[in-house]
Amino acid sequence: MTERVVLAYSGGLDTSVCIGWIAEETGAEVVAVAVDVGQGGEDLDVIRKRALACGAVEAEVADAREEFADEYCLPAIKANALYMDRYPLVSALSRPTIVKHLVAAARKHGADTVAHGCTGKGNDQVRFEAGISSLAPDLKCIAPVRDYAMTRDKAIAFAEEKGLPIETTKKSPYSIDKNVFGRAVETGFLEDIWNAPVEDVYEYTQNPATQRAADEVVVTFDKGVPVAVDGRPVTVLQAIEQLNERAGAQGVGRIDMVEDRLVGIKSREIYESPGAIALITAHQELENVTVERELARYKRQVEQRWTELVYDGLWFSPLKKALDGFVEESNQHVSGDVRMTLHGGRAVVTGRKSSQSLYDFNLATYDTGDTFDQSMSKGFIDIFGLSSKIAAKRDQS
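Here the structure is a predicted model, which means the values were calculated and not measured.

On to the overall build of the protein. Along the protein, the regular secondary structure elements total 14 helices and 14 strands. Taking the principal axes of its C-alpha atoms as reference, the protein extends roughly 85 × 55 × 45 Å. For the protein, the residues scored as buried account for 47% of the 397 residues in total. The contacts of the protein with a sequence gap of at least 6 include a subset with a gap of at least 24, amounting to 73%. Carbon together with sulfur atoms contributes 52% to the accessible area of the protein, which is approximately 19600 Å² in total.

This paragraph deals with the packing of helix α1 (residues 13–26) against helix α7 (residues 152–162). Where α1 meets α7, the axes come as close as 9 Å, and the angle between the chain directions of the two elements is 70°. With respect to each other, α1 and α7 are oriented roughly perpendicular. Residues L13, D14, V17, G20, W21 and E24 of α1 lie in contact with α7, whose contacting residues are R152, K154, A155, I156, F158, A159 and K162. The residue makeup of the contact of α1 with α7, split by class, is seven nonpolar, one polar and five charged.

Moving on, we come to the pattern of salt bridges. As enumerated under the stated definition, the model contains 36 salt bridges in all. A salt bridge links E42 to R50; the nearest nitrogen and oxygen atoms lie 2.7 Å apart. Residue classification places E42 among the partly exposed positions, given a relative accessible area of 41%. We note a salt bridge from E186 to R261, for which the minimum N-O separation is 2.6 Å. Here R261 lies in the loop between β11 (254–260) and β12 (266–272) and E186 lies in strand β7 (residues 182–186), a separation of 75 residues in the sequence. Assigned by exposure class, E186 and R261 land together as buried. One salt-bridge network, in which partners are shared between bridges, spans R95, D124, R127 and D177.

This paragraph deals with the packing of helix α3 (residues 65–78) against helix α8 (residues 236–248). Two numbers describe how α3 lies on α8: the axes approach to 8 Å, and their chain directions differ by 90°. Here α3 is positioned roughly perpendicular relative to α8, judged by the angle of their axes. Across from R65, E66, A69, D70, C73 and L74 in α3, the residues of α8 making contact are V236, L237 and I240. Residues of the contact of α3 with α8, tallied by class, amount to six nonpolar, no polar and three charged.

So, on to α8. Taking 1.5 Å of rise per residue, 13 residues should cover 18 Å, and α8 covers 17 Å from first to last C-alpha, within 8% of that figure. Every buried residue of α8 is accounted for by V236, L237, A239, I240, L243, N244, R246, A247 and G248.

The next thing to look at is the sheet that holds strand β10 (residues 232–233). Reading across from one edge, β10-β9-β8-β13-β14 is the order of the five strands in this open sheet, with antiparallel pairing throughout. The two strands at the open ends of the sheet, each matched to only one other strand, are β10 and β14 (346–353). Both strand β13 (residues 336–343) and β14 contribute to a ladder of seven bridges, which runs antiparallel. Its bridge partner being in β14, M340 is matched across the sheet by V349.

Remark on secondary structure: sheet strands pair via backbone hydrogen bonds, oriented parallel or antiparallel. Read from one edge to the other, the open sheet built from four strands follows the order β6-β7-β12-β11, with strand pairing classed as antiparallel. Each edge of the open sheet is held by one strand with a lone partner, namely β6 (175–179) and β11. Averaged over neighbouring strand pairs, the angle between their axes works out to 25° when direction is ignored. Bridging between β11 and β12 involves seven bridges; their strand directions are antiparallel. Note on β12: the bridge partner recorded for R254 is E272. Running over the sheet, helix α4 (residues 90–109) touches β6 and β7 and is turned about 65° from β6.

Here the focus is the state of the cysteines. Here, disulfide denotes a covalent bond that connects the sulfur atoms of two cysteines. What the rule picks out here adds up to zero disulfides. Residue C18 stays outside any disulfide, its sulfur separated by 9.9 Å from that of C118, the closest cysteine. Looking at C54, it has no disulfide partner, and the nearest cysteine sulfur is the one in C18, 11 Å off.

Rules of the game
- Residues numbered from 1 in each chain as written.
- Predicted model: local features only at pLDDT ≥ 70, side-chain atom pairs only at ≥ 80, totals over all residues.
- Heavy atoms only, no water.
- Helix = DSSP H or I, 4+ residues; strand = E, 2+ residues; numbered from the N terminus.
- Buried < 20%, exposed > 50% of the residue type's maximum accessible area, 1.4 Å probe, protein only.
- Contact = heavy atoms within 4.5 Å.
- Areas by Shrake-Rupley, 256 points an atom, 1.4 Å probe, with all protein chains shown as cover.
- Axes fitted to C-alpha atoms, helices over the stretch in contact; angles between N-to-C directions.
- Parallel < 35°, antiparallel > 145°, perpendicular 65-115°, else oblique.
- Nonpolar A, V, L, I, M, F, W, Y, C, P; charged D, E, K, R; others polar.
- Salt bridge = Lys/Arg side-chain N within 4 Å of Asp/Glu carboxyl O.
- Expected span 1.5 Å × (residues − 1).
- Pairing = 2+ DSSP bridges.
- Disulfide = S-S within 2.5 Å.

What follows is the structure in structure tokens.
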């Protein structure tokens, strides 16, 4: 029986060429799998037919937008996941979504190998292969671009030689990855970190310097889940999509950073994630109102570790799974409304209310009606600072 390889297929030049390339190098039949995580572009059926035209024996397409939003983006919102305090894990979140579909296809079609189109310099090769090995330790992984030195020039020559139905001449000056949670742009003139990004780098966001009226929005959460925008019920996917549009129109979510990659190098990345940044901003503020102080302090440590695990491709790891439980529990009271003004590239919180609020007006006020017993503070300070005071006396003697 001929061996089969499942290929993560995008419909572009590199993965289209990979179909024939893998067949020639390994003698295996190729099953192409394309997963829609909200990246837009061509119709899924067009992509499926192209895969077959390029030599795939089978081609599957999956609309995973709701799954991606509910099972991957939502946990990131609950965890306030920002790698290096800035990047909302756009690409890192989509990879485990795709991995699940690749493994399912491998089981369905009797494949023993999964292939992807990643290079040997990036994070995504790790995310794909670590994810696959966690879900299916018996499957092998190959990466033609990395393993067989499949350069773009070679890919174009192969496509032209075989007469593949794929555009081979047009090349974007950038490397772009996108989904509903955001868009990542790199390479080209951006590799010189002194070069400022130009407007044609951006697609999801408008220029924040352009004069326009501000947009006020109210996001409602229930146990950390965004459930309404301006009082109208939404799914998680709809919340992201609507805030992509509204926050994006105000230039919210542009990020220009030099990032520490898992493979040990620093890389200049441009991200735009208007919906993600708006939702995480609102969620963080609602936590400030509803989460108890010690839990909130500890959660910030968990958030950083959770984010690093996801960035590093360990979505299916035991530690990530255990931390998921903590994040879920810590969101049990994160319910209420957050009002934000979207303007000038920023999402600024201007109001918050919650039936689960720990904010007590009578304890907080300095006016008449203050219920905070200030007479207790002197004794509290004496005891709180006692150990430092004793140490200071010793050190000064």
